[in-house]
Amino acid sequence: MNYLMGAFKPPCNITITFSDGKTRKQVSVKKENGKTAMVPVFQSLETISGEVSIDPVQGKKVEHTGVKIELLGQIELYFDRGNFYDFTSLVRELDVPGDIYEKKTYPFEFSSVEMPYESYNGTNVRLRYILRVTISRNYVSNITEHRDFCVRNYSPVPTMNNSIKMEVGIEDCLHIEFEYSKSKYHLKDVIIGKIYFLLVRIKIKNMELEIRRRESTGSGPNTYVETETLAKFELMDGAPVRGESIPIRLFLSPYELTPTYRNINNKFSVKYYLNLVLVDEEDRRYFKQQEISMYRLLDTPASS
């Protein structure tokens, strides 16, 4: 039995290392088995280089018809699990057909790689970047090994960032105005605003502000929408009176946010909303939702 198990083990070990792997920033990502791993972070148009080591198991040789490394950007929709949509695919040939008897190391380089989309691991979709090494063989299955890495793209401060001003009310019962200082926020920003009560004829028990993320995947009849409440922030406890003003100051850094993604490769979108919720003494809920735009700030690449 042990002999049979050993027969299916690959005849070599493959190791993929990055040139600056020890000094480059690392982040934690969730793998297919649910465990997390630390991977290096790159951004679009960086050069990705390193080495591939192939080390035959003692006493074995590796017969092959070629060795290659690929840099792949892939989208996987969970309702179509196992099918990857490649939006980036680059190949470097490492070796011509032959035999490997002892440990062999191959340098590789992908220069100024265009990686337009960020890595993302959501409820129904995953976007990832990998390096995949393939040892092609005749008559038996190929040997493959892959190494994940993360892509994060940074943006400058928007030149236009208008405030949000809206009114909400119930005729002859409630009339409020709320204002947020801007509509575009970086991931470590602070939401600052005010709420004005112009008319209050219902007994309000409390008021809170929610941050919601809406993930849309697929298209047509296969569109899936997941809305997740990431944060709840109590603004007021107790009944307001006419003319009262409630300040808003909500720090975004404690929450796991991503930039807004709009129609990524025609496969998915991720949007963020501020949801203002009022609850009256009979537990009826009144809310007003407003979309905001999130971005990763260029000046703070250490931020997540």
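Residues numbered from 1 in each chain as written. Predicted model: local features only at pLDDT ≥ 70, side-chain atom pairs only at ≥ 80, totals over all residues. Heavy atoms only, no water.

Trainee: Even after reading the chapter, I still don't get the nonpolar core, so can you show me in this structure?
Mentor: General note: in soluble globular proteins, nonpolar side chains tend to be found buried as a group. Formed by 66 residues in total, the largest nonpolar core has its most connected members in L131, F149, Y180, I195 and L276. In this view, I195 contacts I176, E177, F178, M207, L235, E244, S245, I246, I248 and L276; residues no more than four positions away in its chain are not counted. (Core = buried A, V, L, I, M, F, W, Y, C linked by side-chain atoms within 4.5 Å. Buried < 20%, exposed > 50% of the residue type's maximum accessible area, 1.4 Å probe, protein only. Contact = heavy atoms within 4.5 Å.)

Trainee: What's the story with the environment of K184 in this structure? I'm lost.
Mentor: Considering the arrangement of structural elements, one finds K184 in strand β15 (residues 184–186). It is 7.5 Å that separates the C-alpha atoms of K184 and Y295, two residues lying 111 residues apart in sequence. Setting aside residues up to four positions removed in sequence, K184 forms contacts with P158, M160, N161, D189, S293 and Y295. At 3.3 Å, the side chain of K184 forms a polar contact with the backbone oxygen of M160. (Helix = DSSP H or I, 4+ residues; strand = E, 2+ residues; numbered from the N terminus. Polar contact = N/O pair within 3.5 Å; in protein donor to acceptor, adjacent residues only side chain to side chain.)

Trainee: Looking at this structure, how should I read the pattern of salt bridges?
Mentor: Within this structure, the stated rule accounts for 17 salt bridges. For D283, the salt bridge is made with K205, and the minimal N-O distance between the two is 2.5 Å. Residue D283 is located in the loop between β21 (268–280) and β22 (285–295), and its partner K205 is located in strand β17 (residues 204–217); the two are separated by 78 residues in the primary sequence. Here the salt bridges share partners, and the residues they tie into one network are D20, R24 and E46. (Salt bridge = Lys/Arg side-chain N within 4 Å of Asp/Glu carboxyl O.)

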